[in-house]
Amino acid sequence: MVNAMGTNDMNVLWEQAEQEHAQQESSARVQNAMKIEREDHKLEKRLCREVGRAIVDFNMIEEGDKVMVCVSGGKDSYAMLDILLKLQKRAPINFSLIAVNLDQKQPGFPEHILPDYLSKLGVPFHIENQDTYSIVKRVIPEGKTLCSLCSRLRRGILYRVAGELGATKIALGHHRDDMLQTFFLNMFFAAKLKGMPPKLVSDDGKNIVIRPMAYVPEKDLTRWAQVRDFPIIPCTLCGSQENLQRKQVGNMLREWEKKHPGRLESMFSALQNIVPSHLMDSKRHDFKNIRATGQPDSEGDKAFDADAFSEPPPSLTGRPGLSVIGLKSV
Ligand code: SF4
């Protein structure tokens with residue numbers, strides 16, 4: 001049949017086929033773009049919901065607060081500011097925000113990026129210029145890690161700036177995965193069951209520090225930074241090695257999550273569901289003075305039974321948790 005066709009007919013058929021193909025591709029592209037837009041919209045809603053939930057759960061922001069939002073130029077603090085600005089518009093309370101960046105004078109720090117970004121955003125901001133880089137370089141011997149002195153200096157400066165600006169809260173951009181990493185770092189290297197609190201009184205006793213992204217997984221922030229195209233400033237300018245132990249723990253957690261999806265969420269729920277009577281800290285539970293009550297308690301401890309665990313059912317917070325599903329006598 002093809003042989004019976006003229007060259008013109010063949011050309012028409014080719015053109016038609018090409019047009020059809022182009023239409024299909026364009027429609028697939030449109031559908032794909034719509035799908036991405038839907039996903040991004042869902043992500044935005046999720047971020048607002050989780051940040052809002054943390055704010056309410058820990059009473060992080062109250063009527064009339066002036067929140068100093070610490071912005072470093074990394075994805076987490078950009079996202080925190082972005083979401084807090086959205087929540088500010090719809091919150092049932094009034095609070096103000098002021099973004100603060102500490103320019104530590106690291107070589108190559110692109111000092112125009114944050115002022116340009118924050119001006120465009122229309123948010124009040126303050127850039128604090130303090131050459132902590134030179135101090136740290138002068139004091140710490142070559143080859144030693146700079147971070148502990150650097151962060152101590154930064155902390156002191158930010159507390160002072162908060163006072164000068166009249167801020168009532170200091171917001172930091174740590175997220176769920178930072179909190180879990182800190183929990184394991186403390187367990188592995190400091191022999192403590194201690195995490196990173198969502199809200200605390202600063203060590204100078206003058207400031208309340210909050211972490212509004214306590215419930216947000218890092219992967220959501222990574223995606224949100226792409227969606228919003230934040231002008232990220234690299235965090236390697238100080239030339240310091242990334243904290244090796246934190247990196248190792250981060251890799252360990254990611255590996256666990258890959259092999260056992262939901263494990264991070266479950267561990268995070270566990271941080272909010274502590275049973276001091278089933279740990280071994282006599283300062284938290286008075287083991288010495290335990291006495292039998294003589295009263296049966298269906299919720300009481302079954303000392304002779306081994307615990308068995310299932311896949312995590314939804315916990316009290318709507319996220320997965322652990323529960324005992326079967327009891328085996330021994
Ligand atoms: S990585 Fe660099 S900027 Fe960050 S705390 Fe360490 S020395 Fe300071």
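The numbering scheme is per chain: residues are counted from 1 as the chain's sequence reads. A pLDDT threshold of at least 70 governs which residues receive local features in this predicted model, and a stricter bar of 80 or more applies before side-chain atom pairs are shown or counted, although totals over entire chains, interfaces and linings include all residues.

## So, the overall build of the protein
- Looking only at helices and strands, the protein has nine helices and eight strands in total.
- Principal-axis analysis of the C-alpha atoms gives the protein an extent of 100 × 65 × 50 Å.
- Looking at the protein as a whole, 23% of its 330 residues qualify as buried.
- Here the analysis covers contacts within the protein between residues at least 6 apart in sequence; of these, 73% occur between residues at least 24 apart. Put simply, DSSP marks the helices as runs of H or I at least four residues long and the strands as runs of E at least two long, and each gets a number from the N terminus on. We call a residue exposed when 12 or fewer other C-beta atoms sit within 10 Å of its C-beta, buried when the count reaches 20 or more, and partly exposed for counts in between; the C-beta positions come from the backbone. In this description, any two residues whose backbone-derived C-beta atoms lie within 7 Å of each other are considered to be in contact.

## Overview of the site of the ligand
- A residue counts as near a molecule or strand when its C-beta atom, positioned from the backbone, falls within 6 Å of it. Within the structure, the ligand sits among Leu146, Cys147, Cys150, Ser151, Cys238 and Ser240.
- As a working rule, the residues Ala, Val, Leu, Ile, Met, Phe, Trp, Tyr, Cys and Pro are called nonpolar, Asp, Glu, Lys and Arg charged, and the rest polar, with Gly in that last group. The class makeup of the residues in the shell around the ligand is four nonpolar, two polar and no charged.

## Things to note about the pairing of strand β2 (residues 96–103)
- For strand β1 (residues 66–70) and β2, the ladder comprises five bridges, and the chain directions are parallel. From the neighbouring strand, Val67 faces β2, where its bridge partner is Leu97.
- Whether a crossover is right-handed comes down to one check: with the strands pointing away from the viewer, does the path from the first strand over the helix to the second run clockwise; if it does, it is right-handed. A crossover links β1 with its parallel partner β2, the connecting element being helix α2 (residues 75–90), and its sense is right-handed.
- Handedness of the crossover is the feature at issue here: the chain leaves β2, passes through helix α3 (residues 113–121), returns alongside strand β3 (residues 125–129), and the resulting connection is right-handed. In short, DSSP must find at least two bridges between two strands for them to pair.

## Comments concerning the nonpolar core
- Remark: nonpolar core denotes a set of buried Ala, Val, Leu, Ile, Met, Phe, Trp, Tyr and Cys residues whose joining runs through C-beta atoms within 7 Å. Ranked by internal contacts, the top residues of the largest apolar core, which has 46 residues, are Met68, Val69, Cys70, Ile170 and Ala171.
- When residues of this core are assigned to their parent elements, the largest contribution, six residues, is made by α2.
- Discounting chain neighbours no more than four positions away, the residues touching Ala171 are Val67, Met68, Val69, Cys70, Met80, Leu84, Ile210 and Pro212.

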